[in-house]
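Architecture and fold: a report
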Amino acid sequence: EPEVTQTPSHQVTQMGQEVILRCVPISNHLYFYWYRQILGQKVEFLVSFYNNEISEKSEIFDDQFSVERPDGSNFTLKIRSTKLEDSAMYFCASSEGTARDTQYFGPGTRLTVL
Amino acid sequence: GIQVEQSPPDLILQEGANSTLRCNFSDSVNNLQWFHQNPWGQLINLFYIPSGTKQNGRLSATTVATERYSLLYISSSQTTDSGVYFCAVGLVGTSGSRLTFGEGTQLTVNP
């Protein structure tokens, strides 16, 4: 069964550094998403991406964050100048054709900012 | 924004017991998914169920969209069912597709 993959599984960085989290969505899917989950809390929406542009973003997704689909398979989340409070699990998800379709989640990248 | 409330927040069962988890939401939705977060943090899709009833093995789910709630039933629970169960909803009318998650139900199944 096709699945969403994410790399790395765990990233440790120093405060102020830039990180890029990578995702490979399911190949025939058209919608892509990033969510995050701070330890012990619920999962929160960051951004959705469709047709090579952001379709929706949350109030969390400020100028520190950016997303990109650099080629036909990868979908990336860049966090500039990381802060301690950016430490969280970041999940990538994809869905097939419409906003109503099932979203399939990747295994997550655990980001630790020291 | 839409509010999602899950109950109970914590549930402890003996292996073999049955349970019902509830998800209430504050507005009409066009997407509702149930997830199981395992001890490694992975979110496992259980059901896509914006309305109606579905069953998959020992798990089943029912969503009554007109009354804005969904139920997840776990029968004959096993220790491997332990983890956090999340309900997540997508809101009708938005061009985007964000899922709003509830706080989750922490399920512990003891042998």
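Residues numbered from 1 in each chain as written. Chains lettered and ligands numbered in written order. Predicted model: local features only at pLDDT ≥ 70, side-chain atom pairs only at ≥ 80, totals over all residues. Heavy atoms only, no water.

**Notes on the overall build of chain A**
We count it as follows: Secondary structure follows DSSP: runs of H or I at least 4 residues long count as helices, runs of E at least 2 residues long count as strands, and numbering of each begins at the N terminus. Atoms counted for the radius of gyration: C-alpha only. Globule rule: 2.2 Å times residue count to the power 0.38. Between two residues, a contact is recorded if the distance between any of their heavy atoms is within 4.5 Å. Note on areas: these come from Shrake-Rupley sampling with a 1.4 Å probe, and a residue is covered only by the protein chains present in the view.
Of regular secondary structure, chain A possesses zero helices and 11 strands. Order of helices (α) and strands (β) in chain A, N terminus to C terminus: β-β-β-β-β-β-β-β-β-β-β. Here chain A has a C-alpha radius of gyration of 13 Å; the compact-globule value for 114 residues is 13 Å, and the two agree. Principal-axis analysis of the C-alpha atoms places the extent of chain A at approximately 40 × 30 × 30 Å. Here the contacts in chain A between residues at least 6 apart in sequence split such that 54% fall between residues at least 24 apart. By element, 46% of the accessible surface of chain A is carried by carbon and sulfur atoms, the whole surface being about 5600 Å².

**A word on the interface of chain A and chain B**
One widely used convention gives an interface's size as the accessible area the parts lose upon coming together. Cut-off, in case you're wondering: Computed with a 1.4 Å rolling probe, the buried area is the accessible surface lost when two parts are put together, summed over both parts. By salt bridge we mean one thing: a side-chain nitrogen of Lys or Arg within 4 Å of a carboxyl oxygen of Asp or Glu. Two N or O atoms count as a polar contact when they lie within 3.5 Å, although within protein this holds only if one can serve as hydrogen donor and the other as acceptor, and sequence-adjacent residues are included solely when both atoms are side-chain atoms.
Every contact between the two is made by 23 residues of chain A and, on the other side, 20 residues of chain B. Summed over both sides, the interface of chain A with chain B buries roughly 1900 Å², with 48% coming from carbon and sulfur. Ranking the residues of chain A by area buried against chain B places K42, E56 and R100 of chain A at the top, with a combined share of 29%. Counting across the interface, chain A meets chain B through one salt bridge. One can count seven residue pairs in polar contact (both at pLDDT 80 or more) joining chain A with chain B. At the level of elements, β4 (31–37), β5 (44–50), β6 (53–57), β9 (88–95) and β10 (104–105) of chain A are the ones that each hand at least two residues to the side of chain A that touches chain B. Broken down by element, the side of chain A that touches chain B gets its largest block of residues, four residues, from β4 of chain A.

That is the geometry; function is a separate question.
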